[in-house]
Amino acid sequence: MEENKNKDIIDLRELWKKVRERKRLFFITLPLAFVLSCLFIICIPRYYDTDVRLAPELENPMSGGALGSLAASFGFDLSNMESSDAISPMLYPDLMSDNGFVSKFFDFKVVSADGEINTNYHDYLRYQQKQPWWGYVFDSLKKLLPKKKEEGIAGGDDKFNPYVLSRDEDGVIKKIQNNVQFNMDKKTGVITIMVRDQDRLICKTVADSVRSLLQQFITDYRTSKARNDLKYYTKLAVDAKQDYERARQLYGSYSDRNMDVVLESYRAKQEDLENDMQLKFNTYTAMQTQLQQAKAKVQERTPAFTLLKGASVPIKPSGPKRMIFVIGMVFLTFLCTLGYILKGELWKF
């Protein structure tokens, strides 16, 4: 029993002695790890983060009282059960997975902080992105390889289709999806737009542009039916006005031509024309009333937005964390070197 216990006990003094005997190995591995990690992390381009917090007006307030609050704490929104909207506000973050919505970012005008870059967001992501030196090496090697001809879609045209993309365009879409993210707070309904970019001014510009685009999308969606109704009643009002004006002109010209005629047949036709004109006028008045109600409905359905936090130009880069990376790599090298020195003892234990 005593012999088994002694085998299970690690002699720290013996381990320390072995470490001291091979301490020169640390003077080789640790400086080497420090230099290599510094050379590696310096090549990684720095990036900046900013965010926007937006509170859109919801169609219906949270219902259910205490039950609604309790459900919200578990991630359920009872108000959506009474909402007439097909798209719940909780689904707004999923817009970033739609190529049609993301492709609208291509036309954002961006200018770098030093003023050297002045282009649209598409060209900036495709041609103006910094990358480590090995990225340029890989790009050069790709250019030397024979390119595969991309097959087109039969029946397609030259117009840009966000759902039929080339390999380069698809790469730009994926970059945008990685750089821009939405987050919806289920309890408060606040939308957070997070943007990451290599230039701090472009980071802020893109955040503001995405906020405006999202507001426009929400407004267009919430008012789509009301605007269709407005367009419909506008057409009916214009047609009713034209019919009324034609009936009025016909009645006026007939009355002028037969002013002194006393025959009952002429008077009867004049009354018919007057009645038709009055019907056309009543229809025109009703259409004008419907048109004003449709305009009011569009204004009623237009949501209001509260900007809780605007995008600001970041002062310091968000990453990469160079000091933390170097310290972590040196510490990892220390552990690996220590394990290599004591591998025999640790294996025995």
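The rules we used
- Each chain carries its own residue numbering, running from 1 in the direction its sequence is written.
- For a predicted model such as this one, the threshold for reporting local features is a pLDDT of at least 70, and the threshold for listing and counting side-chain atom pairs is 80 or more; totals across whole chains, interfaces and linings nevertheless cover every residue.
- Hydrogens and water are ignored here; the side-chain numbers use all heavy atoms of the structure.
- Going along the chain from the N terminus, every DSSP run of H or I of four or more residues is numbered as a helix, and every run of E of two or more is numbered as a strand.
- Categorising residues by exposure relies on relative accessible area from a 1.4 Å probe, with only protein chains included: less than 20% of the type maximum marks a residue as buried, more than 50% marks it as exposed, and the intermediate range marks it as partly exposed.
- Contacts: residue pairs with any heavy atoms within 4.5 Å of one another.
- We get accessible surface area from the Shrake-Rupley algorithm with a probe of 1.4 Å; when it comes to residues, only the shown protein chains can shield them.
- A pair of strands is considered paired only if DSSP assigns at least 2 bridges between the two.
- Axis definition: a line fitted to C-alpha atoms, limited for helices to the stretch in contact. Angles are taken between N-to-C directions and run from 0 to 180 degrees.
- Only one rule defines a salt bridge in this text: a Lys or Arg side-chain nitrogen within 4 Å of an Asp or Glu carboxyl oxygen.
- Here the term patch refers to residues with relative accessible area over 30% and no salt bridge, with like charges joined within 9 Å and nonpolar side chains (Val, Leu, Ile, Met, Phe, Trp, Tyr) within 5 Å.
- By nonpolar core is meant a set of buried Ala, Val, Leu, Ile, Met, Phe, Trp, Tyr and Cys residues that side-chain atoms within 4.5 Å join together.
- As a per-residue quantity, pLDDT reports the predictor's confidence and falls between 0 and 100.
- Each pair of aromatic rings taken from Phe, Tyr and Trp, with Trp reduced to its six-membered ring, is defined by centres within 6.5 Å and is described as stacked if the planes are under 30 degrees apart, edge-to-face if over 60, and tilted in the remaining cases.

Focus: the overall build of the protein
When you go through the protein residue by residue, the secondary structure sums to 13 helices and six strands. Counting only residues that meet the buried cut, the protein has 30% of its 349 residues in that class. Contacts in the protein between residues far apart in sequence, at least 24 positions, make up 76% of those at least 6 positions apart. Counting only carbon and sulfur atoms, one obtains 57% of the accessible surface of the protein, whose full area is about 24100 Å².

Remarks on the pairing of strand E4 (residues 180-184)
Judged by which residues are buried, E4 turns out to be one-sided: Val180, Phe182 and Met184 face inward and are buried, whereas Gln181 and Asn183, on the alternate face, are not. Two elements, E4 and strand E5 (residues 191-197), share five bridges in a ladder whose sense is antiparallel. Each residue of the ladder has a partner; that of phenylalanine 182, found in E5, is isoleucine 193. Two successive antiparallel strands, E4 and E5, enclose a turn made up of six residues, where glycine 189 displays a positive phi of approximately 75 degrees.

Observations concerning the sheet that holds E4
Strand order in the open sheet formed by four strands is E4-E5-E1-E6, and the pairing between neighbours is antiparallel. Both edges of this open sheet fall to E4 and strand E6 (305-309), since each of them pairs with a single strand only. Neighbour to neighbour, the strand axes of the sheet diverge by 25 degrees on average, direction disregarded. In terms of strand pairing, strand E1 (residues 48-56) meets E5 through seven bridges, oriented antiparallel. Opposite threonine 50, over in E5, you have valine 195 as the bridge partner. Each of E4 and E5 is contacted by helix H8 (residues 167-179), which is oriented at about 45 degrees to E4, the strand it contacts most. Running over the sheet, helix H9 (residues 200-222) touches E1, E4, E5 and E6 and is turned about 145 degrees from E5.

Looking at the pattern of salt bridges
Tallied over the full model, the rule gives 12 salt bridges. A salt bridge links aspartate 49 to arginine 196; the shortest N-O distance between them is 2.8 Å. Of the two residues, aspartate 49 is situated in strand E1 and arginine 196 in strand E5; the sequence distance between them amounts to 147 residues. On the accessibility criterion, aspartate 49 (29% relative accessible area) is partly exposed. The closest approach of N and O atoms between aspartate 51 and arginine 53, which form a salt bridge, is 3.6 Å.

As for a nonpolar patch on the surface
There is a patch of nonpolar side chains on the surface, built from Leu32, Phe34, Val35, Leu36 and Leu39 and spanning about 490 Å² of accessible area. Here leucine 36 shows up in helix H3 (residues 24-43).

A few points about the nonpolar core
By size, the foremost hydrophobic cluster in this structure holds 32 residues, and its most contacted members are Phe105, Tyr121, Ile176, Val180 and Ile193. For this core, the secondary-structure elements that each account for two or more residues are helix H5 (99-102), helix H6 (121-127), H8, E4, E5 and H9. If you tally residues by element for this core, the top one is H9, at eight residues. If near-sequence neighbours (up to four positions away) are discounted, phenylalanine 105 is found in contact with Met96, Tyr121, Ile176, Val180, Val210 and Leu213. Ranked by size, the runner-up nonpolar core spans 11 residues in total, among them Ala237, Tyr254, Tyr284 and Leu291.

Some thoughts on the confidence of the model for the protein
Scored by pLDDT, the protein comes out at a mean of 83, with 81% of its residues at no less than 70. Within the protein, helix H4 (residues 66-73) has the poorest average pLDDT of any element, 50, and strand E2 (residues 109-111) the best, 95. Low pLDDT, under 50, characterises residues 61-67; the predicted model gives this stretch 11 contacts beyond four residues in sequence or across chains. Considering only residues more than four positions removed or in separate chains, one finds that residues 78-83, a stretch of pLDDT under 50, has 16 contacts.

Things to note about the packing of aromatic side chains
Counted under the stated rule, the structure contains 13 aromatic pairs. Aromatic side chains tryptophan 133 and tryptophan 134 sit 5.4 Å apart centroid to centroid with 80 degrees between the ring planes, which places their arrangement in the edge-to-face category. On the basis of relative accessible area, tryptophan 134 is assigned to the partly exposed category, the value being 22%. For the pair tyrosine 244 and tyrosine 284, a centre-to-centre distance of 6.2 Å together with 5 degrees between the ring planes defines the contact as stacked. Linking tyrosine 244 in helix H10 (residues 224-257) with tyrosine 284 in helix H11 (residues 264-301), this pair joins segments that are 40 residues apart in sequence. You'll find tyrosine 244 and tyrosine 284 in the same group, each marked buried. Taken together, the ring pairs in this structure connect Phe101, Phe105, Phe108, Phe182 and Phe217 into an aromatic cluster.

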